[in-house]
Amino acid sequence: MAHLPLIIAPDPRLKKRSVPVTEVDARINRLMDDMLETMYAANGIGLAAPQVGQLLRVIVIDVSDKDAPPEPMGLANPELVWADEEQILYNEGCLSLPEQYADVVRPKAVRVRYLDRDNQLREIAGTNLLATVLQHEIDHLEGTLFVDRISLLKRNIILRRLQKLKKAGEYD
Ligand code: NI
């Protein structure tokens, strides 16, 4: 496995739409492994391929408790097939926006269809944190960041702060 460099916002590469994978083959499985390693190294709970410079519809997630055994998941072409009317608020962060957090409101429960690591079509239901992470990562595949779901004022504060840190070489 390899540790991949993370793209830090603001960056035009994070604003692009990713393309579906045609098949979950060895190459995609390797990408998922590398993304998981990168995510764990950064203490993240989700990561999308565009964050490591691959404009592919691939995400990895692990929302298991810190003290519990890891539960790594790799999803290709994830697609929201149902979302609860009830909403929930989470203080979200993102590995592409290090140490920046904001409250984001999203559906409390979702169902997502995807291709698993064996290229089998599956569905997963998630509530609370898992629902939020699934939606946050699927957003990345559309070029949407969590700051795109908060007020323009708060978004600009966060992005300007990151821009300044990037210029200072904080993330080189
Ligand atoms: Ni993110």
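Use the structure listed above.
Cut-off values and rules
- Residues numbered from 1 in each chain as written.
- Predicted model: local features only at pLDDT ≥ 70, side-chain atom pairs only at ≥ 80, totals over all residues.
- Heavy atoms only, no water.
- Pairing = 2+ DSSP bridges.
- Helix = DSSP H or I, 4+ residues; strand = E, 2+ residues; numbered from the N terminus.
- Axes fitted to C-alpha atoms, helices over the stretch in contact; angles between N-to-C directions.
- Core = buried A, V, L, I, M, F, W, Y, C linked by side-chain atoms within 4.5 Å.
- Buried < 20%, exposed > 50% of the residue type's maximum accessible area, 1.4 Å probe, protein only.
- Contact = heavy atoms within 4.5 Å.

Taken in spatial order, the 5 strands of this open sheet run 1-2-3-6-7, and their pairing is antiparallel. Either end of the sheet is taken by a strand with one partner, and the two such strands are strand 1 (46-48) and strand 7 (121-127). Averaged over all pairs of adjacent strands, the angle between strand axes in this sheet comes to 40°, irrespective of strand direction. In the sheet, strand 1 pairs with strand 2 (residues 58-61) via 3 bridges, with the strands oriented antiparallel.

In terms of nonpolar packing, the biggest core is built from 18 residues, with Met35 and Val58 touching the most fellow members. Those elements giving two or more residues to this core turn out to be helix 1 (26-41) and strand 2. At 6 residues, the largest contribution of residues to this core is made by helix 1. Excluding anything up to four places from it in sequence, Met35 contacts Leu4, Leu47, Ala48, Ala49, Val52, Val58, Ile59 and Val60.

Once that is clear, we can look at the pairing of strand 7. Two strands pair when backbone bridges link them, and strand 6 (residues 109-115) and strand 7 are joined in this way by 7 bridges, in the antiparallel orientation. Bridge assignment links Arg113 to a residue of strand 7, and that residue is Glu123. Between the antiparallel neighbours strand 6 and strand 7 lie 5 residues, among them Asn119 with a positive phi of about 65°.

To continue, consider unusual backbone geometry. Note the cis peptide between Ala9 and Pro10, where omega equals -5°. The residue Pro10 is located in the segment before helix 1 in this model. Non-glycine residue Asn43 carries a positive phi angle of around 60°. By the secondary structure assignment, Asn43 is in the loop between helix 1 and strand 1. When its relative accessible area of 70% is taken as the criterion, Asn43 is described as exposed.

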